Number of protein chains: 4
Amino acid sequence: MISFASDYIAGAHPEVLEHLIETNLVNTTGYGSDGYCASARDKIAAACGKEVDVQFIVGGTQTNQVVISTMLNGYEGVVAATTGHVSCHEAGAIEYSGHKVLQVPGKEGKVVIPSFEEAIETFYGDENHEHMVFPGMLYISHPTEYGTLYTKQELQKLRAICDKYDMKLYLDGARLGYGLMARDTDVTLKDLAELCDVFYIGGTKVGALCGEALVFTRNNTPKHFVNLIKKRGALLAKGRLLGVQFEALFTNDLYYRIGKHAIDMAEQIKALFKEKGYQMFLDSPTNQQFVVLENAKIAELEKNVVMGFWEKYDETHTVMRFATSWSTTQEDIDELAKLL
Amino acid sequence: MISFASDYIAGAHPEVLEHLIETNLVNTTGYGSDGYCASARDKIAAACGKEVDVQFIVGGTQTNQVVISTMLNGYEGVVAATTGHVSCHEAGAIEYSGHKVLQVPGKEGKVVIPSFEEAIETFYGDENHEHMVFPGMLYISHPTEYGTLYTKQELQKLRAICDKYDMKLYLDGARLGYGLMARDTDVTLKDLAELCDVFYIGGTKVGALCGEALVFTRNNTPKHFVNLIKKRGALLAKGRLLGVQFEALFTNDLYYRIGKHAIDMAEQIKALFKEKGYQMFLDSPTNQQFVVLENAKIAELEKNVVMGFWEKYDETHTVMRFATSWSTTQEDIDELAKLL
Amino acid sequence: MISFASDYIAGAHPEVLEHLIETNLVNTTGYGSDGYCASARDKIAAACGKEVDVQFIVGGTQTNQVVISTMLNGYEGVVAATTGHVSCHEAGAIEYSGHKVLQVPGKEGKVVIPSFEEAIETFYGDENHEHMVFPGMLYISHPTEYGTLYTKQELQKLRAICDKYDMKLYLDGARLGYGLMARDTDVTLKDLAELCDVFYIGGTKVGALCGEALVFTRNNTPKHFVNLIKKRGALLAKGRLLGVQFEALFTNDLYYRIGKHAIDMAEQIKALFKEKGYQMFLDSPTNQQFVVLENAKIAELEKNVVMGFWEKYDETHTVMRFATSWSTTQEDIDELAKLL
Amino acid sequence: MISFASDYIAGAHPEVLEHLIETNLVNTTGYGSDGYCASARDKIAAACGKEVDVQFIVGGTQTNQVVISTMLNGYEGVVAATTGHVSCHEAGAIEYSGHKVLQVPGKEGKVVIPSFEEAIETFYGDENHEHMVFPGMLYISHPTEYGTLYTKQELQKLRAICDKYDMKLYLDGARLGYGLMARDTDVTLKDLAELCDVFYIGGTKVGALCGEALVFTRNNTPKHFVNLIKKRGALLAKGRLLGVQFEALFTNDLYYRIGKHAIDMAEQIKALFKEKGYQMFLDSPTNQQFVVLENAKIAELEKNVVMGFWEKYDETHTVMRFATSWSTTQEDIDELAKLL
């Protein structure tokens, strides 16, 4: 059985695991105050090419919840595409923190820029807007939930709109490694550190057992942030677990190597499907590929392949997701080729 | 340098780490639906000697927050000793969830039973109690933050009071392994599964990298609990990380062996201090030992030993905490002996 | 200067005010436990034609917040039209209580029934719905924010969908008096008491200084509801203020007389505009009339008339709202006629 | 039957009611933007003797909840006496907003100043305080729940401690009118405007149907405060209801006259009880008098007098509260005198 079910089907990348093993018996202080966290922070700052503050948090929804609820003012909500993770797949975690998710149209996972700008203009043009939720932050994911990417120019445009309306720009990088290594992208980590107020570098889906590295780029970490993290139940006692893993991910370009490997695997999958005449649901440049398959074909494949259900296409077809990661092997791809 | 700073200074117990290594490349589903979690649940249920539901959560404060906020009714708060972890050391995580911590007097970390009972009686005797926070749950820790333990009879008494006033009994077992293996305790895991509505078996402080096993004993898991966990940002994508570790902890009695080892080390420390004529701050039967030390002695010791500051005793003395765990070695103790 | 700015531009209907005056010096207990509240409850129950529980709350947004946050389970959100008051005009009050507003398409203020049903079906058909917010309640307003009304058949259809998916049906009756007395409606108060789980009879916009009467129709008042109201800051010390007013409103059919008067005034306004050839923005059968006016005409009218801005229509036209209430007079209408 | 049950047993003071009647048909805008609110704001500012911002809110618990939750930072809680209204009689409204009430010892309702100072020092002296709730505000009531008053010197001392530790000073003036007119007080409204960051002038218990005037003294109203009020469900549509009442209360010294009258009545009650040899529970200089009565005497009195149960004193005695207000008459006192 081969699996393309998701990018979190296996444990840790061997180099990450190795670092956990070799540091296991070292005594450290807790709550992220240890030397591994410090070193990982330095390495990430170096990769960002500027002074930034880095905080490690266990999971993605948790990171979104912590960032959004600590950076918004009380009268503000967060704007996101209707398909954004915070809009629909986090069990209401943002609302649980008391803030509204203001939905704007999305296309293939990306915020539709003119619609976003129009929504903000409409808000400020409404005489009753003091009775409405203020747009305080824009949330985007990169890669998006559909595998798509923003261009640098698009990010600059979003930044400009955020500047105009005094909004923060927050980028969810749960799968950032795959986005940075996509073949035609012109967006680098340094660009993100320049353009975003805050973003996170995903670990869980890019080689770690768990963990996301939250990057504040403008000397804008909320005051007493450790307290705020703990208040939300999100402070890890053995913070080293995150520091050690991110130290490994940012040593010898591991984060980028993982990204590149998964992209190579994904491009092979895409080519395979195209070659065999299958229809891609959309053109994804990253590690998630969406294919329109006949239901009968799916039933047949499922004897040997684990895939992800995405959505119903029509009465006889379904969109299936094939995700790659550091743990995808050439053997997996070859096996898939035989089955198509 | 030897360290007794806390029980979470090192990584994972070698047997836990080994299990993470050997399962690293196995593909699993996410969010706690994998086979390792299932197996760990079965092993814990077996250890509890009855049908229970087990859920894994990353950290202790998080577990307290999730349990308390999902099990209380809207008009209820949780009763705890003034020294209880939820009362004072969780950055207001319980209040963040909208519920009050109703403080009652504690003695050496334990809820003073008559004071507790009187507080509840006073509440229901107050004609205005409809305008006050109802006591809906009793929170206790075992071992307490001061290393002390309840007796079985005390737990039965608390259970009876809870039953009388329709309150839930919740036990925070962050250090449960050390409590279960204390030399004179008469409280077993099976007793807890009988007496508590819900409790957790601490992993973070007892051999795991992270993770707590939450045990619902009365077919009383809140409906759609996975959703409620996720809403609080506490659902781990690679849930296997917790399942694998607890599977190891409950295989070949590892959890108990860790407990026994730390108790042996702690008893040696206690004996050492007593032998040398030092005053113990209180009589702790578990892995945390509290000693009254002269400030000059502390300064001297700190050249070679990491200890925990507990509280000021008088102008020239301070209470210091010495914590043991699975990672404490006989060499650490011998070294300490030389320094005293 | 005449005003059609809103239905809350004046104080209390004279009969309501009179009852406040005549009861002013009577001593009562507080928090809604007085005899006026009891009497008002009885009168409302009689009007509903069945045993119901009635609770009085000061304002509309507050009532929505209290009802929704106390009746939903933790994993649930409330479904509403994108134009629903709770969706966009309550400053995020629902999200402040920790619950998501799940938006479905609206048409002229009404939930589009097939879209609503499809949204619920899609939710339950989604394999990942455990990670999403469950639809636990449907919120509708009647009249809607656009003055429109549901038919009895539509309400029955919504009730059936709610029953099918175990959802509660909640009706916001901020302007209910105007809805009940609309000329062609077939929906009565008794129908609402039959079809809704909970609804409120608006006082603020229908003759009271403040106050909404919340009606629980199925023996389903949340336990310790007074405590839950107080916890949300919404419990009025002199609860009599609400009881006295609703006692007046439900004596000698005052609530209906107010409704009828405002409808008569609104129908005259509608006729006036149509007669003069103006375009109605939509066909409203209740006390709010929406007219498309040339911007130049608006500027001219505003010298003598206060109206409400509704929305931009095109470059040279704007939609303006004319609201009537118990305080609208025939003289106001005659004056408006002269100005058109 | 005469009643000393509370200070909110009757409607509005006749002058307040008269102003509601005479303004009833005037058309105004909503949400506190009307001319009556503006005028009341000016009058209160004049009484405060400095530029202040005034906001009107319906009730006391609501005001506490709004102030505390909008003025605290996320990592802060509010310090209050264990007997403070926010500590025990608001159904957990403060915790509902996500903030902890940090209790310090009280004596006869007043914060014990050295205990308060020590608690703050202990907090900042604790090496783990980053994991605890920061003291961000001091809440005091004046008069307290026990009728007692702070001296000007005590308030200055509290102010100095707040300044030292960067805390806000908030005074709950639910019964402020009675405090300002107590016979030996040296605290004036101008003092409060000088010493507090924010305080409220109670209306509900001092002559209004409802309403509290919240005074921000340091150009420190939270940004978009109307939005924040609405988000908490606390924004009154017909804000005029509060403006009109406070305009009356601050016209012709009505607020002070009400205070003086109630104090005169209370002093007579106190004298009566003392004269007859009864024991006062404590020495209250304001409108609430607490008397230790034999249970048999209480049973006898209750045939003709409504009093408030305060607390059990011993097996045969109970502390009863006698509250006066603007509505207490000389006839009430004379009748009471006959019954003692």
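Scope of this entry: the structure provided in the associated data block. Numbers given for residues are sequential positions, taken from 1 along each chain in its written order. Ligands are numbered from 1 and chains lettered from A, in the order in which they are written. Only residues with pLDDT of 70 or above have their local features reported here, since the model is predicted, and side-chain atom pairs are shown and tallied only from 80 upward, although totals for entire chains, interfaces and linings are computed over all residues. In computing side-chain values, all of the structure's heavy atoms are included and hydrogens and water are not.

## Digging into unusual backbone geometry
Backbone torsion omega between histidine 142 of chain A and proline 143 of chain A reads -5°, so that peptide bond is classified as cis. By definition, any uninterrupted DSSP run of H or I lasting at least four residues is a helix, any uninterrupted run of E lasting at least two residues is a strand, and each is numbered from the N terminus. Position of proline 143 of chain A among the secondary structure elements: in the loop between strand E7 (134–141) and helix H7 (152–164). Although it is not a glycine, alanine 91 of chain B adopts a positive phi angle of roughly 55°. Residue placement: alanine 91 of chain B occurs in the loop between helix H4 (85–88) and helix H5 (93–96). Remark: exposure states derive from per-residue accessible area (1.4 Å probe, protein chains only) relative to the maximum for the residue type, with buried under 20%, exposed over 50%, and partly exposed in between. Given a relative accessible area of 3%, alanine 91 of chain B falls into the buried group.

## Focus on the nonpolar core
As used in this record, nonpolar core signifies buried Ala, Val, Leu, Ile, Met, Phe, Trp, Tyr and Cys residues forming a set joined through side-chain atoms within 4.5 Å. Counting residues in each nonpolar core, the largest one holds 134 residues, and the members touching the most others are Phe199 and Ile201 of chain A together with Phe199 and Ile201 of chain B. Only heavy atoms enter the contact rule, under which two residues are in contact if any of them lie within 4.5 Å. Residues within four places of isoleucine 201 of chain B in sequence aside, it is in contact with Ile44, Gly173, Leu176, Leu189, Glu212, Ala213, Val215, Phe246, Phe250 and Tyr255 of chain B. Counting 132 residues, the second-largest nonpolar core is a separate cluster that includes Tyr36, Leu158 and Leu241 of chain C together with Cys196 of chain D.

## A few points about the side chain of asparagine 220 of chain A
All names here are of chain A. Position of asparagine 220 among the secondary structure elements: in the loop between strand E10 (212–216) and helix H10 (225–231). Note on asparagine 220: relative accessible area 19%, which makes it buried. Two N or O atoms count as a polar contact when they lie within 3.5 Å, although within protein this holds only if one can serve as hydrogen donor and the other as acceptor, and sequence-adjacent residues are included solely when both atoms are side-chain atoms. At a separation of 3.2 Å, a polar atom in the side chain of asparagine 220 contacts the main-chain carbonyl oxygen of aspartate 197.

## Looking at the relation of the copies chain B and chain A
With an RMSD of 0.0 Å, chain B superimposes on chain A once it is rotated by 180° and translated 0.0 Å along the axis. Both copies are brought into coincidence by an operation consistent with a two-fold rotation axis. Mapped onto chain A, 98% of the interface residues of chain B are again interface residues, and the two copies thus contact each other with one and the same surface. Fitting of the copies onto one another was done by least squares over C-alpha atoms, counting residues only where both copies have pLDDT of at least 70.

## As for the packing of aromatic side chains
Ring pairs shown here join Phe, Tyr and Trp side chains whose ring centres sit within 6.5 Å, with only the six-membered ring taken for Trp; geometry is labelled stacked below 30 degrees between planes, edge-to-face above 60, and tilted in between. Scanning the entire structure with this criterion turns up 75 aromatic pairs over all chains. Among the aromatic residues, those joined into a ring-pair cluster are Tyr75, Phe123, Tyr124, Phe134 and Tyr165 of chain A. Only when the NZ of Lys or the CZ of Arg is both within 6 Å of the ring centre and within 35 degrees of the ring normal is a charge said to sit over the ring. The cationic tip of lysine 110 of chain C hangs over the ring face of tyrosine 150 of chain C; the distance from NZ or CZ to the ring centre is 5.4 Å.

## Remarks on the pairing of strand E7 (residues 134–141) of chain D
All names here are of chain D. Here E7 lies mainly inside the structure; eight of its eight residues are buried. When DSSP finds two or more bridges between two strands, those strands count as paired. Relative to E7, strand E3 (residues 76–81) runs parallel, the two being bridged by four bridges. When the sheet's bridge partners are listed, glycine 77 is paired in E7 with proline 135. Bridge count for E7 against strand E8 (residues 168–173) is five bridges, and the pairing is parallel. Across the sheet, residue leucine 138 finds its bridge partner in E8, namely leucine 169. If you view a crossover with the strands going away from you and the path from the first strand over the helix to the second runs clockwise, you call it right-handed. The parallel pair E7 and E8 is bridged by helix H7 (residues 152–164), and the resulting crossover is right-handed.

Read these as spatial facts, not as claims about activity.
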